[in-house]
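Inside the fold
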Amino acid sequence: MTPDNTNSNIYFIDTSALVRIFRFAPNDLIESIWEKLEELVLSGMMFSHRFVYDEITTDSTRPDLLSKKIIPLQAYFKPMSFEQAQIVSNIIKAFPNLIDSKNEKDQADPWLIAAGVLEHKQLSLFNPNKKIYIVSEESESKQNNISSVSKSFGLDHLNLSSFFQLNDWSFSL
């Protein structure tokens, strides 16, 4: 994989990737990783969806570090839209196992993919060289998960390691 030194891609990050960083990265690395992620967010190159925000934040009086970090970035979590709802409907029809139908809470995966699909449609008109990536820690070998569904809708998928490599990020303890 060649590094993308042009920083021209757009990334949509999933709950699984954010949780992986904050649960499993050594404390020494979390700040370094977060600084780079925040740069992408503030430059308009990384987004997520409001349902990802809702999955991570709680009404707790003692929010965890991840919640504290993303609360100030709430504006970069795309809200639900009618166009997204139409795409989500198509996603669920084609991949009903992407969500747990017994779960009463809205699930972020189809909405995150839909937001990426809409961004892809806009970019293909104005800048066809940019790529849209969904960044998650879900297995690429499983069917009916965010990685395989994203690909079927024309989006690329990256796990964190590949995402770091693509952006030529390296971290040391």
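Residues numbered from 1 in each chain as written. Predicted model: local features only at pLDDT ≥ 70, side-chain atom pairs only at ≥ 80, totals over all residues. Heavy atoms only, no water.

**Some words on helix α1 (residues 15-24)**
Going by this rule: Type-normalised accessible area, obtained with a 1.4 Å probe on protein chains alone, sets the label of each residue: buried when under 20%, exposed when over 50%, and partly exposed for intermediate values. Numbering goes from the N terminus for both helices and strands, where a helix is a DSSP run of H or I of at least four residues and a strand is a run of E of at least two. A contact between two residues is defined here by any heavy atoms of the two lying within 4.5 Å.
Restricting attention to buried positions, one finds in α1 the residues T15, A17, L18, V19, I21 and F22. Tucked inside the fold, the buried residues of α1 contact β1 (10-13), α2 (27-42), α3 (50-56), α4 (65-70), β4 (132-135) and α8 (160-166).

**Focus: the nonpolar core**
Rules: Take the buried Ala, Val, Leu, Ile, Met, Phe, Trp, Tyr and Cys residues and link them wherever side-chain atoms come within 4.5 Å; each set so joined is a nonpolar core.
Within the largest apolar cluster, 54 residues are counted, with the highest numbers of intra-cluster contacts made by Y11, F12, L18, L37, M46, I113 and F163. With eight residues, the top contributor of residues to this core is helix α6 (residues 108-126).

**Observations regarding the packing of α1 against α2**
Quick note on the threshold: An axis is simply a line fitted to the C-alpha atoms; with a helix, the fit covers only the stretch in contact. Between two such axes, the angle follows the N-to-C directions and lies from 0 to 180 degrees. Put simply, angles under 35 degrees are roughly parallel, angles over 145 are roughly antiparallel, angles from 65 to 115 are roughly perpendicular, and the rest are oblique. Handedness of each helix crossing follows the sense of rotation of the near helix against the far helix: counterclockwise by less than a right angle gives left-handed, clockwise gives right-handed. Residues are grouped as follows: Ala, Val, Leu, Ile, Met, Phe, Trp, Tyr, Cys and Pro are nonpolar; Asp, Glu, Lys and Arg are charged; all remaining types, including Gly, are polar.
Put simply, α1 and α2 touch, their axes get as near as 9 Å, and they point 150° apart. By the angle class used here, α1 and α2 are roughly antiparallel. For the crossing formed where α1 meets α2, the hand is left-handed. Across the interface between the two elements, L18, I21 and F22 from α1 touch I30, I33, W34 and L37 from α2. Considering only residue class, the contact of α1 with α2 consists of seven nonpolar, no polar and no charged.

**A closer look at the packing of helix α5 (residues 82-94) against α6**
As a packed pair, α5 and α6 sit with axes 9 Å apart at the nearest point and diverge in direction by 120°. As for the relative orientation of α5 and α6, their crossing is right-handed in sense. Here α5 contributes E83, Q84, A85, I87, V88, I91 and I92 to the contact with α6, which in turn contributes P110, W111, I113, A114, A115, V117, L118 and K121.

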